[in-house]
Amino acid sequence: MKFILLFFFLPICVVGQNTIGLPDVINHTKQSYGGGLQTWDFCQDSLGLIYCANNEGLLSFDGKNWKVYPLPNKTIVRSVKVRNDQRIFVGGQDELGYYSSTTNGQLQYHSLTASIPVKDRSFGDVWHIVVLNENVFFRTTHKIFKFSNESVATYNAASEFSFMGLCNGRLYAHDSRNGLLVFENDLWSQLPNSELAANEIVTGILPINKDSALITTLKNGFYTITPAGITRKSLINTSLFKNERVYSSTTVNERWIALATSNNGLYITDHSGNIIQKFGRTEGLQNNNVLSVFNDNQGNLWLGLDNGIDFIANNSAIKNITAFPQAGSGYTTIVYNNRLFAGTSNGLYSVELQPMQDLSFSKGSFDLVKNTSGQNWGLANINNQLLLGHHEGAFLIKDNEARPISTVPGFWNFVPLSNTAPIAKIVAGNYKGLVNFDYANGQFTQASTIPGFDESSRFVAIDKEGNYWVSHPYHGVYMITADGGGKQLISLYDDKKGLPSTLNNHVYKIKNEIVVASQKGVYAYNKQKNAFEPSPIFKELLGDQSIRYLKEDAKGNIWFIHEKNLGVIDFTGKTPITLYLPELNNKMLSGFDFIYPLNEANVFVAAENGFFHINYEKYKRTIPQLKVQVRSVSIISTHDSVLFGGYPLVDNQSNTGETLRPNIADEYKTVHIEYSSSLFGYQENLEYSYRLVGLTNLWSEWTKRTEKEYTTLPPGNYVFEVKVRSNLGNESVPATYAFRILPPWYRTIWAFLLYTIVLLTCVYGFYKWQKQKFTRQQAKYEEEQKRIVYIHELELSKTESELIALRNEKLEAEINYKNSELASSAMHLVKKGELISKSKSQLSQVLKGLDNPEAVADLKKMIRSLTDDDNMDKEWENFARHFDKVHSDFLNEVKDKHPTITPNELKLCAYLRMNLSTKEIAQLMNISVRGVEISRYRLRKKLGIASETSLFDYLINITTENKSDIKV
């Protein structure tokens, strides 16, 4: 009865337990890949790119970026398959065809629907695509189409086709009336001796070995195909899988298969039905409805979900241990008595381990160790007894229960004082110093504390002399030693004792030496100097980068934590190498670092949530083939243009052929190149290096960037090369892309041809010009001779003109001289007139006062003499004669031009010509000023001068005209 009950509950127990370690699950949401909710099928090409049949079209993924390619009729893509020629065949609703790359690496769709007879073109969804011997088979519900070269064959279902698949080189299909069929000699034949009911829905046929295969059905369990026929396969958990509805299946490896269920996620089982691992929402899937599953060429699993796509890094050497009843940060772990104990921030948990090399595959559930709720800081196996450092004290773990051995709060660690078993004394660090424990009669008892030392002692090491070393991250490093008299001496080591700083120092015992991990590298204690100094070994391997944690494993490898990065110095080879594990970057528990290297297959690392398990042996051994592809080349300008879409032609995978070398106009100043490696699950491990041959032959520094831009490249031919390397130091073969930067129009062949024509034209023109120049020079010479003769004549004429000019200047000087004399004479006359007038006036006054008649008569005689006109006339004649000499016969000219002019008016003209004032004229003419004004008026009338013309200007012009006539 007990046996029956055990057998009945066994599947439930097995189902309820998963492996303690699970690989990473990466969720790709609808928003991240930009397609529809559901994904129905997967495939992978020779470059490693993943293709997905999605509700909104074909999806492609290169490890970095997703691209969506809708079908022309915008229907759901149900199936996808890549052929050896890199044609990507897809099937939608009443549509089937393939995508292939164009010369510029873009995917272009080619429909094959038109090749199908018109009567068969309404075929609904294409659910499966299989490539066999380059022939492509498309399964719809009622028909299977076979495309072979240019011909199409149609096979109609007796009822309905529910499945089509390839296994061990044979093509199978399932018909709901005739059962399982095999394609042979261009015919579908029914398999004999079949226990598989015709109405059962087949969801997968998976190879077991060369002669047999496993059939999975939607809800009726499993069957096997052998040369003898088809028989039902009774597996462990068959009843479970009937209820879960196996929607899709695939082979994981030679021993395991993956079953995608529509109700409860994904199961990985062996061929006997034993569940190895299960993945559902609890384990990180986005939902439990898995429509499709695919095993890629790196051993990882892709899940097409009812909403989203999930990636399981199934082949990864790193697993997560998080399945604790209550989630919490991982602090410490140890394997003891075939059980794994894991101390977390919420309690100490344990699980029984199964005898296997990689303990992460051990199945079981973690149980809480009694009395350990709260923070569990440290575990130690000393004298085959398990000690626990807890927030509430020190405990002994026995029978899955914690029993206190000290109630002093806050124990960090337990360190034995010797290596000889049994160990009689240990020291434990706690919140307020150090506590010594004695071991006797199979029990640990608290002995004493270190007086005068109350620093928190999370980092404790014992040197070869038995001295205690304790470090406090903010206070420094302490050495506690006995003075021989039973007292303890405490010495502080800080920046004055060789350390780079007082802060962030952590003391460890590595290679049997005391070292300190600091902000400036690792420092070793020098006993002779009683100070710390940089460790030469660590300096060479790690430099002076900050180190926070050190742990030596059984092989002598040294695990370390630099900032938030995990690494290991591997000493197992001929020379030590430093290896980083970037998968765990920023995922460890910062500030409470912990590494437990049990052996090479089992290394445990504290994490923010639980622990990481590293199969270091597998990690070094798993060297996936590295490939890198140029995924996009575009030119950036006002309107960006894609030169290369990432899908090279089949016969030119490296894309170095001249036929594919695009020409880029000089006006495009920026070339943008993107590249990636389809190493899924290892993206954090990859670094890239590139160069542009034609610009430089030097490779760039290794970087995680997956794009590069070149600006203002000079004209020429270029080949962009990029390679990828993993953190293990492996490098890929470079991927290349060639292009040409065209010269500007003025540096093209046509431009140079034009330059040649222009140059020849210029030479010919120069020749003609020189010839014409010679002709012109000859003519010019002759003209010059004529000009010399003419100039000579001109010089003679000039000489004569100069003589004339000299004579004119002489005449001008004489005229000016005579003019000045004339002016003086006129002024003399003016003065004389004034004198006579004054004399006459005085004589007249005297005459009035005389009574003597004789005197009166004499005076009157004198007055008459003064007024004698004849003398005045003679003086005028002399003045007129001199005036005409000076002014070129001015008076004669006036007389000739105005014959009616009177002598007094002629005098007035002369005086006006000399620019005398009205008063001066009145004295010379012996008239009043008023009389002069009247005379001027009358003269203007007689000469006919307009009112706007000055009388002086008129008279001047008469002289000027006269001079002009003389020169002419």
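Residues numbered from 1 in each chain as written. Predicted model: local features only at pLDDT ≥ 70, side-chain atom pairs only at ≥ 80, totals over all residues. Heavy atoms only, no water.

Draft legend 1. Here's a closer look at the environment of I321. Counting through the fold element by element, I321 comes out in strand β29 (residues 318-321). In this structure the C-alpha to C-alpha distance between I321 and G21, which are 300 residues apart in sequence, comes to 4.8 Å. Other than its neighbours up to four places away in sequence, I321 contacts I20, G21, L340, F366, F604, N609, G610, F611 and H613. (Helix = DSSP H or I, 4+ residues; strand = E, 2+ residues; numbered from the N terminus. Contact = heavy atoms within 4.5 Å.)

Draft legend 2. Highlighting the pairing of strand β25 (residues 275-279). For β25, the buried fraction is high: 5 of the 5 residues fall into the buried class. Inspection of the sheet shows strand β24 (residues 266-270) paired to β25 by 4 bridges, in the antiparallel sense. Each bridged residue has a counterpart across the sheet, and for L266 the counterpart in β25 is F279. Taking the residues between adjacent antiparallel strands as the criterion, β24 and β25 are bridged by 4 residues, where G273 takes a positive phi near 95 degrees. (Buried < 20%, exposed > 50% of the residue type's maximum accessible area, 1.4 Å probe, protein only. Pairing = 2+ DSSP bridges.)

Draft legend 3. Spatial organisation of the pattern of salt bridges. For the coordinates displayed, the defined rule picks out 25 salt bridges. Put simply, D120 and K119 hold a salt bridge, and the shortest N to O gap is 3.2 Å. Where E721 meets R691, a salt bridge forms, and the shortest distance between an N and an O atom there is 2.8 Å. Here R691 lies in strand β61 (residues 687-693) and E721 lies in strand β63 (residues 716-725), a separation of 30 residues in the sequence. (Salt bridge = Lys/Arg side-chain N within 4 Å of Asp/Glu carboxyl O.)

Draft legend 4. Molecular detail of the nonpolar core. W469, L550, L566 and I614 are the most contacted members of the largest nonpolar core, which totals 72 residues. In this structure, I614 is in contact with A317, I318, W559, L566, L581, L584, E600, A601, N602, V603 and V605, ignoring residues within four places of it in sequence. (Core = buried A, V, L, I, M, F, W, Y, C linked by side-chain atoms within 4.5 Å.)

Draft legend 5. Examining a nonpolar patch on the surface more closely. Side chains of W745, Y746, F752, L754, Y755 and V758 sit close together on the surface and give an oily, nonpolar patch of about 660 Å² of accessible area. Within the secondary structure layout, F752 lies in helix α6 (residues 749-848). (Patch = residues over 30% accessible without salt bridge, like charges linked within 9 Å, V, L, I, M, F, W, Y side chains within 5 Å. Areas by Shrake-Rupley, 256 points an atom, 1.4 Å probe, with all protein chains shown as cover.)

Draft legend 6. Looking closely at unusual backbone geometry. A cis geometry characterises the amide bond from A421 onward to P422, with omega recorded as -10 degrees. Along the chain, P422 falls in the loop between β38 (411-416) and β39 (425-430). Positive phi values are uncommon outside glycine, yet N133 reaches one of about 55 degrees. With respect to the helices and strands, the residue N133 is situated in the loop between β10 (126-132) and β11 (135-140).

Draft legend 7. View of the packing of aromatic side chains. According to the stated counting rule, one finds 60 aromatic pairs in the structure shown. Ring centres of F42 and F294 lie 6.3 Å apart, and the angle between their planes is 20 degrees; on these two criteria the pair is classed as stacked. Taken together, the residues F42 in strand β2 (residues 39-44) and F294 in strand β26 (residues 290-295) connect sequence positions 252 residues apart. We classify F42 as buried; its relative accessible area is 4%. Ring centres of F137 and F183 lie 5.0 Å apart, and the angle between their planes is 70 degrees; on these two criteria the pair is classed as edge-to-face. With a gap of 46 residues between them, F137 in strand β11 and F183 in strand β16 (residues 179-184) connect regions that are remote in the sequence. Among the aromatic residues, those joined into a cluster by ring pairs are Y33, F42, F61, W66, F294, W302, F311 and F680. Seen from the ring of Y710, K708 lies directly overhead, with NZ or CZ sitting 5.3 Å from the centre. Over the ring of W699 we find K723; its NZ or CZ atom is 4.2 Å from the centre of that ring. (Phe/Tyr/Trp six-rings, centres within 6.5 Å; stacked < 30°, edge-to-face > 60°. Lys NZ or Arg CZ within 6 Å of the ring centre and 35° of its normal.)

Draft legend 8. View of the packing of helix α11 (residues 918-925) against helix α12 (residues 929-943). It is the contact of α11 with α12, at a shortest axis distance of 8 Å, that shows an interaxial angle of 100 degrees. Relative to α12, α11 is oriented roughly perpendicular. Counted together, T918, K919, I921 and A922 of α11 and V929, V932 and E933 of α12 form the full contact between these two elements. The residue makeup of the contact of α11 with α12, split by class, is 4 nonpolar, 1 polar and 2 charged. (Axes fitted to C-alpha atoms, helices over the stretch in contact; angles between N-to-C directions. Parallel < 35°, antiparallel > 145°, perpendicular 65-115°, else oblique. Nonpolar A, V, L, I, M, F, W, Y, C, P; charged D, E, K, R; others polar.)

Draft legend 9. Structural detail: the environment of K627. Turning to its location among the elements, K627 is positioned in the loop between α5 (616-621) and β57 (629-636). For the pair K627 and P734, spaced 107 residues apart in sequence, the C-alpha separation works out to 8.2 Å. Leaving out residues up to four positions away in the same chain, K627 has contacts with S46, L47, S676, S677, S678, V724 and S732. In terms of polar contacts, K627 uses its side chain to reach the backbone carbonyl oxygen of S46, at 2.5 Å. (Polar contact = N/O pair within 3.5 Å; in protein donor to acceptor, adjacent residues only side chain to side chain.)

Draft legend 10. A look at helix α10 (residues 903-913). Across the 11 residues of α10, 9 count as buried, placing the element largely inside the fold. When α10 is considered as a whole, its buried residues turn out to be E905, L906, K907, L908, C909, A910, Y911, L912 and R913. Backbone geometry just after α10 places N915 at a positive phi near 65 degrees.

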